[in-house]
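Structural overview for review
If you want the building blocks of each chain, they are given just below.
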2 protein chains.
Amino acid sequence: MDDGRTESAPLTKQDFEALARFRFGIRRYLRFSEEAVRSHGLTPQHYQLLLALKGFPGREWATMRELADRLQLRHHSVVELVDRAQKQGLVDRAPHPPDARAIRVQLTAAGQRDLARLSALHRDELRRMSAVLALPTWEGPEGAAG
Amino acid sequence: MDDGRTESAPLTKQDFEALARFRFGIRRYLRFSEEAVRSHGLTPQHYQLLLALKGFPGREWATMRELADRLQLRHHSVVELVDRAQKQGLVDRAPHPPDARAIRVQLTAAGQRDLARLSALHRDELRRMSAVLALPTWEGPEGAAG
DNA sequence: GCCGATTGTATCGTGATACGATATTAACCT
DNA sequence: AGGTTAATATCGTATCACGATACAATCGGC
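Rules used throughout
- Residues numbered from 1 in each chain as written.
- Chains lettered and ligands numbered in written order.
- Predicted model: local features only at pLDDT ≥ 70, side-chain atom pairs only at ≥ 80, totals over all residues.
- Heavy atoms only, no water.
- Helix = DSSP H or I, 4+ residues; strand = E, 2+ residues; numbered from the N terminus.
- Expected span 1.5 Å × (residues − 1).
- Buried < 20%, exposed > 50% of the residue type's maximum accessible area, 1.4 Å probe, protein only.
- Contact = heavy atoms within 4.5 Å.
- Near = heavy atom within 4 Å.
- Polar contact = N/O pair within 3.5 Å; in protein donor to acceptor, adjacent residues only side chain to side chain.
- Nonpolar A, V, L, I, M, F, W, Y, C, P; charged D, E, K, R; others polar.
- Least-squares fit on C-alpha atoms with pLDDT ≥ 70 in both.
- Buried area = accessible area lost by both parts, 1.4 Å probe.
- Salt bridge = Lys/Arg side-chain N within 4 Å of Asp/Glu carboxyl O.

This brings us to helix H5 (residues 109–128) of chain B. Given 3.6 residues per helical turn, the α-helix brings residues three or four places apart onto the same face. Between its first and last C-alpha atoms H5 of chain B spans 29 Å; for 20 residues at 1.5 Å apiece the expected length is 28 Å, and the two agree. For H5 of chain B, the full list of buried residues reads Gly 111, Asp 114, Leu 115, Leu 118, Ser 119, Ala 120, His 122, Arg 123, Asp 124, Glu 125 and Leu 126 of chain B. As for H5 of chain B, its buried residues are in contact with helix H1 (13–38) of chain A together with helix H1 (13–38), helix H2 (44–54), strand S3 (103–107) and helix H6 (130–133) of chain B.

Now for the protein's contact with DNA strand D. Neighbouring residues of DNA strand D: 22 residues in total, closest Met 64, Arg 65 and Arg 93 of chain A together with Gln 45 and His 76 of chain B. Counting only the atoms of DNA strand D within 4 Å of the protein, the fraction contributed by sugar and phosphate is 77%. The contact in question runs from a phosphate oxygen of DNA strand D to an N or O atom on the side chain of Arg 84 of chain B, over 3.0 Å. Of all elements in the fold, only helix H3 (64–71) and helix H4 (75–87) of chain A together with helix H4 (75–87) of chain B reach the threshold of two or more residues within the surface near DNA strand D. Looking at which element gives the most residues to the surface near DNA strand D, the answer is H4 of chain B, with 4 residues. Looking at the surface near DNA strand D, its residues break down into 6 nonpolar, 7 polar and 9 charged.

It takes a turn of 180° to lay chain B on chain A, together with a shift of 0.0 Å along the axis; the resulting RMSD is 0.1 Å. On the angle and the small slide along the axis, the relation comes out as a two-fold axis. For chain B, the smallest separation between a C-alpha atom and the rotation axis is recorded for Ala 134 of chain B, amounting to 3.5 Å. In this assembly, 95% of the residues forming the interface of chain B have copies in chain A that are likewise at the interface, indicating an isologous arrangement.

For the rest of this paragraph, the subject is the interface of chain B and chain A. Listed as interface residues are 55 residues of chain B and, on the opposing side, 54 residues of chain A. Carbon and sulfur atoms make up 60% of the surface buried where chain B meets chain A, a total of about 4,900 Å² over both sides. In terms of surface lost to chain A, no three residues of chain B exceed Arg 23, Gln 72 and Arg 123 of chain B, which account for 15% of the buried area on that side. The interface formed by chain B and chain A holds 0 salt bridges in total. Taken together, the links from chain B to chain A amount to 14 residue pairs in polar contact (both at pLDDT 80 or more). When contributions to the side of chain B that touches chain A are tallied by element, the ones reaching two or more residues are H1, H2, helix H3 (64–71), H5 and H6 of chain B. With 17 residues, the top contributor of residues to the side of chain B that touches chain A is H1 of chain B. Among the residues forming the side of chain B that touches chain A, the class breakdown is 25 nonpolar, 10 polar and 20 charged.

This is the structure we're talking about:
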(Lines give C-alpha, C1' and ligand atoms only; values in the text may rest on other atoms or scores of the structure.)
Protein backbone atom coordinates (compact mmCIF):
# COMPACT_ATOMS: atom_id res chain seq x y z
CA MET A 1 0.00 0.00 0.00
CA ASP A 2 2.78 2.36 0.87
CA ASP A 3 4.23 3.55 -2.35
CA GLY A 4 5.97 6.41 -0.65
CA ARG A 5 6.18 8.43 -3.81
CA THR A 6 6.08 12.01 -2.71
CA GLU A 7 7.98 13.80 -5.35
CA SER A 8 5.73 16.82 -5.24
CA ALA A 9 4.87 19.16 -2.44
CA PRO A 10 1.74 18.35 -0.48
CA LEU A 11 -1.36 20.05 -1.73
CA THR A 12 -2.53 23.24 -0.16
CA LYS A 13 -6.11 24.11 0.56
CA GLN A 14 -5.94 26.22 -2.58
CA ASP A 15 -4.86 23.22 -4.61
CA PHE A 16 -7.76 21.18 -3.34
CA GLU A 17 -10.14 23.96 -4.16
CA ALA A 18 -8.68 24.24 -7.62
CA LEU A 19 -9.02 20.53 -8.23
CA ALA A 20 -12.55 20.53 -6.88
CA ARG A 21 -13.52 23.53 -8.95
CA PHE A 22 -12.24 21.89 -12.08
CA ARG A 23 -14.06 18.67 -11.34
CA PHE A 24 -17.17 20.65 -10.60
CA GLY A 25 -16.76 22.32 -13.97
CA ILE A 26 -16.54 18.99 -15.71
CA ARG A 27 -19.63 17.74 -13.93
CA ARG A 28 -21.57 20.82 -14.83
CA TYR A 29 -20.46 20.68 -18.42
CA LEU A 30 -21.37 17.03 -18.77
CA ARG A 31 -24.64 17.77 -17.07
CA PHE A 32 -25.40 20.51 -19.51
CA SER A 33 -24.38 18.25 -22.35
CA GLU A 34 -26.64 15.48 -21.18
CA GLU A 35 -29.69 17.69 -20.99
CA ALA A 36 -29.04 19.42 -24.28
CA VAL A 37 -28.44 16.14 -26.00
CA ARG A 38 -31.42 14.36 -24.52
CA SER A 39 -33.71 17.18 -25.47
CA HIS A 40 -32.74 16.33 -29.02
CA GLY A 41 -33.51 12.68 -28.57
CA LEU A 42 -29.93 11.50 -28.28
CA THR A 43 -27.94 10.01 -25.46
CA PRO A 44 -24.64 11.49 -24.29
CA GLN A 45 -22.87 8.49 -25.75
CA HIS A 46 -24.40 9.09 -29.13
CA TYR A 47 -23.26 12.66 -29.15
CA GLN A 48 -19.77 11.68 -28.18
CA LEU A 49 -19.70 9.16 -30.96
CA LEU A 50 -20.86 11.66 -33.56
CA LEU A 51 -18.41 14.23 -32.34
CA ALA A 52 -15.55 11.77 -32.34
CA LEU A 53 -16.31 11.05 -35.99
CA LYS A 54 -16.76 14.59 -37.24
CA GLY A 55 -13.92 15.79 -35.08
CA PHE A 56 -11.47 13.09 -36.01
CA PRO A 57 -8.19 14.74 -36.94
CA GLY A 58 -7.95 15.14 -40.67
CA ARG A 59 -11.03 13.19 -41.67
CA GLU A 60 -14.63 12.59 -40.71
CA TRP A 61 -14.81 8.88 -40.17
CA ALA A 62 -13.05 6.32 -38.04
CA THR A 63 -12.73 2.60 -37.57
CA MET A 64 -14.03 0.77 -34.55
CA ARG A 65 -10.60 0.54 -33.04
CA GLU A 66 -9.91 4.20 -33.47
CA LEU A 67 -13.22 4.98 -31.88
CA ALA A 68 -12.41 2.74 -28.96
CA ASP A 69 -9.35 4.87 -28.40
CA ARG A 70 -11.03 8.23 -28.82
CA LEU A 71 -13.97 7.28 -26.66
CA GLN A 72 -11.85 5.38 -24.19
CA LEU A 73 -14.00 2.31 -24.44
CA ARG A 74 -13.36 -1.34 -25.14
CA HIS A 75 -13.67 -1.87 -28.87
CA HIS A 76 -16.24 -4.36 -27.95
CA SER A 77 -18.42 -1.74 -26.29
CA VAL A 78 -18.01 0.51 -29.29
CA VAL A 79 -19.72 -2.04 -31.48
CA GLU A 80 -22.74 -1.93 -29.20
CA LEU A 81 -22.71 1.85 -29.25
CA VAL A 82 -22.44 2.04 -33.01
CA ASP A 83 -25.22 -0.50 -33.34
CA ARG A 84 -27.52 1.67 -31.28
CA ALA A 85 -26.56 4.81 -33.12
CA GLN A 86 -27.01 3.16 -36.48
CA LYS A 87 -30.43 1.93 -35.47
CA GLN A 88 -31.29 5.56 -34.86
CA GLY A 89 -30.00 6.54 -38.26
CA LEU A 90 -27.18 8.67 -36.93
CA VAL A 91 -24.24 6.75 -38.30
CA ASP A 92 -23.42 4.38 -41.06
CA ARG A 93 -21.01 1.59 -41.80
CA ALA A 94 -18.96 1.79 -44.96
CA PRO A 95 -16.21 -0.44 -46.32
CA HIS A 96 -12.62 0.47 -45.70
CA PRO A 97 -10.76 -0.39 -48.92
CA PRO A 98 -7.18 -0.42 -47.63
CA ASP A 99 -8.09 -3.00 -45.01
CA ALA A 100 -11.16 -5.11 -45.58
CA ARG A 101 -11.23 -6.26 -41.99
CA ALA A 102 -11.92 -2.78 -40.76
CA ILE A 103 -14.92 -0.62 -41.51
CA ARG A 104 -15.52 3.08 -41.64
CA VAL A 105 -18.08 4.46 -39.28
CA GLN A 106 -19.38 7.70 -40.68
CA LEU A 107 -22.15 10.20 -40.10
CA THR A 108 -25.45 10.09 -41.90
CA ALA A 109 -27.13 13.29 -43.02
CA ALA A 110 -29.33 13.16 -39.94
CA GLY A 111 -26.31 12.63 -37.75
CA GLN A 112 -24.60 15.61 -39.33
CA ARG A 113 -27.60 17.80 -38.70
CA ASP A 114 -28.06 16.82 -35.06
CA LEU A 115 -24.38 17.09 -34.39
CA ALA A 116 -24.13 20.54 -35.92
CA ARG A 117 -26.91 21.87 -33.73
CA LEU A 118 -25.69 20.25 -30.57
CA SER A 119 -22.10 21.23 -31.16
CA ALA A 120 -23.06 24.86 -31.52
CA LEU A 121 -24.78 24.68 -28.15
CA HIS A 122 -21.74 23.04 -26.66
CA ARG A 123 -19.39 25.63 -28.03
CA ASP A 124 -21.49 28.39 -26.58
CA GLU A 125 -21.67 26.68 -23.23
CA LEU A 126 -17.94 26.10 -23.20
CA ARG A 127 -17.42 29.79 -23.70
CA ARG A 128 -19.81 30.56 -20.89
CA MET A 129 -18.16 28.10 -18.56
CA SER A 130 -14.60 29.06 -19.24
CA ALA A 131 -14.11 30.23 -15.66
CA VAL A 132 -14.92 26.87 -14.10
CA LEU A 133 -13.47 24.77 -16.85
CA ALA A 134 -10.14 26.48 -17.16
CA LEU A 135 -7.25 24.37 -16.01
CA PRO A 136 -5.92 25.18 -12.56
CA THR A 137 -2.89 27.40 -12.64
CA TRP A 138 -1.02 25.75 -9.75
CA GLU A 139 0.60 28.90 -8.61
CA GLY A 140 3.64 27.82 -6.70
CA PRO A 141 5.73 29.76 -4.20
CA GLU A 142 7.74 31.15 -7.10
CA GLY A 143 5.34 33.77 -8.24
CA ALA A 144 2.15 34.60 -10.02
CA ALA A 145 1.51 34.10 -13.67
CA GLY A 146 -0.72 36.89 -14.41
CA MET B 1 -25.96 43.19 -29.72
CA ASP B 2 -25.43 40.19 -31.81
CA ASP B 3 -21.87 40.20 -32.87
CA GLY B 4 -22.50 37.34 -35.20
CA ARG B 5 -19.54 35.08 -35.03
CA THR B 6 -19.96 34.34 -31.37
CA GLU B 7 -23.28 32.59 -31.28
CA SER B 8 -24.62 31.46 -34.59
CA ALA B 9 -21.75 30.95 -36.95
CA PRO B 10 -21.69 27.37 -38.24
CA LEU B 11 -18.85 25.33 -36.89
CA THR B 12 -15.80 24.71 -38.99
CA LYS B 13 -13.97 21.43 -39.20
CA GLN B 14 -11.48 23.02 -36.84
CA ASP B 15 -14.20 23.75 -34.34
CA PHE B 16 -15.39 20.17 -34.41
CA GLU B 17 -11.88 18.96 -33.92
CA ALA B 18 -11.44 21.32 -31.02
CA LEU B 19 -14.64 20.14 -29.37
CA ALA B 20 -13.73 16.52 -29.96
CA ARG B 21 -10.24 17.00 -28.62
CA PHE B 22 -11.58 18.57 -25.48
CA ARG B 23 -14.10 15.82 -24.96
CA PHE B 24 -11.37 13.29 -25.58
CA GLY B 25 -9.33 15.03 -22.94
CA ILE B 26 -12.13 14.79 -20.44
CA ARG B 27 -12.63 11.13 -21.19
CA ARG B 28 -8.96 10.40 -20.77
CA TYR B 29 -8.76 12.35 -17.58
CA LEU B 30 -11.76 10.61 -16.09
CA ARG B 31 -10.34 7.32 -17.26
CA PHE B 32 -7.08 8.03 -15.55
CA SER B 33 -8.95 9.12 -12.47
CA GLU B 34 -10.99 5.97 -12.39
CA GLU B 35 -7.99 3.70 -12.58
CA ALA B 36 -5.97 5.65 -10.06
CA VAL B 37 -8.85 5.76 -7.68
CA ARG B 38 -9.82 2.13 -8.02
CA SER B 39 -6.27 1.02 -7.45
CA HIS B 40 -6.67 2.65 -4.05
CA GLY B 41 -9.88 0.82 -3.35
CA LEU B 42 -12.21 3.73 -4.00
CA THR B 43 -14.79 4.42 -6.65
CA PRO B 44 -14.73 7.56 -8.77
CA GLN B 45 -17.80 8.79 -6.94
CA HIS B 46 -16.07 8.42 -3.62
CA TYR B 47 -13.15 10.45 -4.78
CA GLN B 48 -15.40 13.16 -6.10
CA LEU B 49 -17.18 13.28 -2.80
CA LEU B 50 -13.99 13.57 -0.80
CA LEU B 51 -12.67 16.21 -3.13
CA ALA B 52 -15.87 18.20 -2.98
CA LEU B 53 -15.57 18.26 0.79
CA LYS B 54 -11.91 19.13 1.09
CA GLY B 55 -12.17 21.52 -1.81
CA PHE B 56 -15.29 23.28 -0.65
CA PRO B 57 -14.66 27.02 -0.85
CA GLY B 58 -13.64 28.34 2.55
CA ARG B 59 -14.23 25.22 4.59
CA GLU B 60 -13.78 21.47 4.52
CA TRP B 61 -17.26 20.16 5.06
CA ALA B 62 -20.63 20.52 3.42
CA THR B 63 -24.25 19.68 3.94
CA MET B 64 -26.12 17.18 1.82
CA ARG B 65 -27.76 19.90 -0.19
CA GLU B 66 -24.52 21.65 -0.91
CA LEU B 67 -23.01 18.38 -2.01
CA ALA B 68 -25.94 17.75 -4.31
CA ASP B 69 -25.08 21.00 -6.00
CA ARG B 70 -21.34 20.48 -6.20
CA LEU B 71 -21.68 16.93 -7.42
CA GLN B 72 -24.63 17.72 -9.66
CA LEU B 73 -26.70 14.95 -8.16
CA ARG B 74 -30.15 14.72 -6.63
CA HIS B 75 -29.79 15.29 -2.91
CA HIS B 76 -31.38 11.96 -2.63
CA SER B 77 -28.60 10.24 -4.50
CA VAL B 78 -26.06 12.02 -2.37
CA VAL B 79 -27.39 10.29 0.70
CA GLU B 80 -26.72 6.94 -0.91
CA LEU B 81 -23.25 8.03 -1.89
CA VAL B 82 -22.43 9.33 1.57
CA ASP B 83 -23.77 6.13 3.10
CA ARG B 84 -21.43 4.08 0.98
CA ALA B 85 -18.48 6.32 1.71
CA GLN B 86 -19.21 6.33 5.40
CA LYS B 87 -19.42 2.56 5.43
CA GLN B 88 -15.90 2.60 4.03
CA GLY B 89 -14.76 4.96 6.73
CA LEU B 90 -13.99 7.80 4.37
CA VAL B 91 -16.45 10.36 5.63
CA ASP B 92 -18.35 11.17 8.73
CA ARG B 93 -21.58 12.83 9.74
CA ALA B 94 -21.42 15.59 12.30
CA PRO B 95 -24.14 17.84 13.69
CA HIS B 96 -24.64 21.24 12.19
CA PRO B 97 -25.42 23.53 15.16
CA PRO B 98 -26.93 26.50 13.33
CA ASP B 99 -29.52 24.24 11.72
CA ALA B 100 -30.30 20.96 13.39
CA ARG B 101 -32.03 19.63 10.31
CA ALA B 102 -28.86 19.70 8.32
CA ILE B 103 -25.69 17.75 8.97
CA ARG B 104 -22.06 18.26 8.17
CA VAL B 105 -20.41 15.68 6.03
CA GLN B 106 -16.72 15.72 6.71
CA LEU B 107 -13.61 13.70 6.00
CA THR B 108 -12.25 11.11 8.35
CA ALA B 109 -8.52 10.71 8.88
CA ALA B 110 -8.54 7.84 6.43
CA GLY B 111 -10.46 9.92 3.92
CA GLN B 112 -7.96 12.73 4.30
CA ARG B 113 -5.08 10.38 3.67
CA ASP B 114 -6.54 8.72 0.60
CA LEU B 115 -7.64 12.02 -0.80
CA ALA B 116 -4.24 13.59 -0.34
CA ARG B 117 -2.52 10.81 -2.23
CA LEU B 118 -5.04 10.65 -5.01
CA SER B 119 -5.21 14.40 -5.40
CA ALA B 120 -1.47 14.59 -5.85
CA LEU B 121 -1.72 12.06 -8.64
CA HIS B 122 -4.53 14.02 -10.20
CA ARG B 123 -2.66 17.26 -10.04
CA ASP B 124 0.32 15.69 -11.74
CA GLU B 125 -1.87 14.16 -14.42
CA LEU B 126 -3.64 17.44 -15.01
CA ARG B 127 -0.31 19.07 -15.62
CA ARG B 128 0.65 16.32 -18.02
CA MET B 129 -2.63 16.55 -19.88
CA SER B 130 -2.78 20.29 -20.19
CA ALA B 131 -2.55 20.11 -23.97
CA VAL B 132 -5.69 18.01 -24.40
CA LEU B 133 -7.58 19.52 -21.51
CA ALA B 134 -7.05 23.14 -22.33
CA LEU B 135 -10.17 24.94 -23.42
CA PRO B 136 -10.53 25.46 -27.15
CA THR B 137 -9.48 28.90 -28.26
CA TRP B 138 -12.14 29.37 -30.95
CA GLU B 139 -9.99 31.47 -33.15
CA GLY B 140 -12.34 33.12 -35.58
CA PRO B 141 -11.46 34.62 -38.95
CA GLU B 142 -10.95 37.98 -37.30
CA GLY B 143 -8.69 36.55 -34.70
CA ALA B 144 -9.85 37.42 -31.23
CA ALA B 145 -8.34 36.18 -28.03
CA GLY B 146 -10.80 34.97 -25.43
C1' DG C 1 -48.07 26.54 19.44
C1' DC C 2 -49.72 25.50 14.85
C1' DC C 3 -48.50 24.98 9.86
C1' DG C 4 -46.05 24.95 5.73
C1' DA C 5 -41.50 24.44 4.01
C1' DT C 6 -36.98 22.50 4.24
C1' DT C 7 -33.46 18.79 5.25
C1' DG C 8 -32.25 14.42 5.68
C1' DT C 9 -33.47 9.47 5.67
C1' DA C 10 -35.39 5.09 3.96
C1' DT C 11 -36.93 1.68 0.38
C1' DC C 12 -37.96 -0.33 -3.93
C1' DG C 13 -37.72 -0.78 -8.48
C1' DT C 14 -36.00 0.76 -13.12
C1' DG C 15 -33.08 1.98 -16.81
C1' DA C 16 -28.88 2.64 -18.95
C1' DT C 17 -24.67 0.91 -20.20
C1' DA C 18 -19.87 -0.55 -19.93
C1' DC C 19 -17.66 -4.62 -19.06
C1' DG C 20 -15.69 -9.55 -18.80
C1' DA C 21 -15.75 -13.82 -20.84
C1' DT C 22 -16.06 -16.29 -24.81
C1' DA C 23 -16.59 -17.63 -29.61
C1' DT C 24 -16.70 -16.90 -34.59
C1' DT C 25 -15.59 -14.96 -39.06
C1' DA C 26 -12.78 -12.69 -42.18
C1' DA C 27 -8.77 -10.52 -43.65
C1' DC C 28 -4.07 -9.26 -42.94
C1' DC C 29 1.03 -10.29 -43.01
C1' DT C 30 5.17 -12.97 -43.29
C1' DA D 1 0.04 -22.13 -43.43
C1' DG D 2 -0.03 -19.99 -39.07
C1' DG D 3 -0.33 -16.23 -36.00
C1' DT D 4 -2.46 -11.76 -35.45
C1' DT D 5 -5.81 -8.24 -35.85
C1' DA D 6 -10.68 -6.26 -36.68
C1' DA D 7 -15.20 -6.73 -36.24
C1' DT D 8 -19.20 -9.17 -34.68
C1' DA D 9 -22.31 -11.77 -31.51
C1' DT D 10 -24.23 -13.34 -26.88
C1' DC D 11 -24.91 -13.63 -22.14
C1' DG D 12 -24.60 -12.31 -17.81
C1' DT D 13 -23.03 -8.93 -14.27
C1' DA D 14 -22.25 -4.76 -11.80
C1' DT D 15 -22.81 -0.10 -10.98
C1' DC D 16 -25.36 3.70 -10.04
C1' DA D 17 -28.30 7.63 -10.54
C1' DC D 18 -32.93 8.30 -10.58
C1' DG D 19 -38.15 8.55 -9.88
C1' DA D 20 -41.63 7.66 -6.75
C1' DT D 21 -43.02 7.66 -2.29
C1' DA D 22 -43.15 8.11 2.51
C1' DC D 23 -41.61 9.63 7.03
C1' DA D 24 -39.20 12.26 10.77
C1' DA D 25 -37.18 16.16 12.57
C1' DT D 26 -36.58 20.91 12.47
C1' DC D 27 -37.11 25.63 11.13
C1' DG D 28 -39.52 29.93 10.34
C1' DG D 29 -43.50 32.75 10.18
C1' DC D 30 -47.47 34.16 12.34
